[in-house]
Amino acid sequence: MSEKLHLTPEDDFPEDLTTVEDTELQVLDSQIQRQLDYEYVAEGEPNPETEFRHYDLDEEFSERDKRD
């Protein structure tokens with residue numbers, strides 16, 4: 001997994017989040033949140049791809065909570 005602080009829309013993102021380990025999912029979530037924050041500050045609005053990734057991560061966390 002990358003040690004980048006941000007995950008830009010151009011960076012690779014897993015197609016199937018169900019296969020991602022919990023700790024890696026948390027890292028992805030942090031990277032996407034930092035990218036969202038950056039986009040709001042620098043561009044005034046988030047990139048649609050970043051928003052979509054954020055939504056996917058939230059959905060995966062919700063599903064995992066249901067399984068526990």
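The structure reproduced in this document is the subject of the present report. Every value quoted in this text rests on a predicted model; they were computed, and no experiment measured them.

1. Topic: the overall build of the protein
Piece 1. Across its full length, the protein carries 2 helices and 0 strands.
Piece 2. Rg of the C-alpha trace for the protein: 12 Å, near the compact-globule value of 11 Å for 68 residues, within the 12% margin.
Piece 3. The principal-axis extent of the C-alpha atoms belonging to the protein is close to 40 × 20 × 15 Å.
Piece 4. By residue count, 29% of the 68 residues in the protein fall in the buried class.
Piece 5. The contacts of the protein with a sequence gap of at least 6 include a subset with a gap of at least 24, amounting to 64%.

2. Some points on the environment of Pro 46
Piece 1. Within the element layout of this structure, Pro 46 appears in the loop between α1 (22–43) and α2 (48–67).
Piece 2. Measuring from C-alpha to C-alpha, the distance between Pro 46 and Gln 33 comes to 11 Å, with 13 residues separating the pair along the chain.
Piece 3. Residues in contact with Pro 46, not counting those within four places in the same chain, are Leu 36, Glu 39, Tyr 40 and Glu 51.

3. Some words on the side chain of Glu 39
Piece 1. Tracing the chain through its elements places Glu 39 in helix α1.
Piece 2. Lacking a salt bridge, the buried Glu 39 has Arg 53 as its closest oppositely charged neighbour, with an N-O distance of 8.1 Å.

4. Here's the deal with the pattern of salt bridges
Piece 1. Overall, the coordinates contain 5 salt bridges when judged by the stated rule.
Piece 2. One salt bridge in this structure joins Glu 49 and Arg 53, with 3.2 Å as the shortest N-O distance. Pair noted here: Glu 49 and Arg 53 are both in helix α2, with a separation of 4 residues, about one helical turn.
Piece 3. Each of Asp 22, Glu 60 and Arg 64 takes part in a single network of salt bridges with overlapping partners.

5. Overview of α2
Piece 1. Helix length check: α2, at 20 residues, gives a terminal C-alpha distance of 29 Å against a target of 28 Å (1.5 Å per residue), a fit within 8%.
Piece 2. Turning to α2, its buried residues number three or more, namely Thr 50, Arg 53, His 54, Leu 57, Glu 60 and Arg 64. Projected down its long axis, α2 shows its buried positions confined to an angular sector of 125 degrees, all on one face. With respect to the buried face of α2, the exposed residues turned more than 90 degrees away are Pro 48 and Lys 66.
Piece 3. Those residues of α2 that are buried lie in contact with α1.

About the thresholds
Note on numbering: residues in each chain are counted from 1, in written sequence order. Under the rules for a predicted model, residues below a pLDDT of 70 receive no local features and side-chain atom pairs below 80 are neither given nor counted, while totals for whole chains, interfaces and linings still include all residues. As a rule here, side-chain values come from all non-hydrogen atoms in the structure, and water together with hydrogens is ignored. Where helices and strands are cited, they refer to DSSP runs of H or I of at least four residues and of E of at least two residues respectively, numbered from the N terminus. Atoms counted for the radius of gyration: C-alpha only. Globule rule: 2.2 Å times residue count to the power 0.38. When a residue's accessible area, from a 1.4 Å probe over protein chains only, is under 20% of the maximum for its type it is buried; when over 50% it is exposed; and in between it is partly exposed. Note on definitions: a residue-residue contact is assigned when non-hydrogen atoms from the two residues lie within 4.5 Å. Counting rule applied: Lys, Arg positive; Asp, Glu negative; His and chain ends not counted. Salt bridge, as used here, is a side-chain nitrogen of Lys or Arg placed within 4 Å of a carboxyl oxygen of Asp or Glu. Expected span, for any helix, means 1.5 Å times one less than how many residues it has. The arc in question is the one spanned by the directions pointing from the helix axis to the C-beta atoms.

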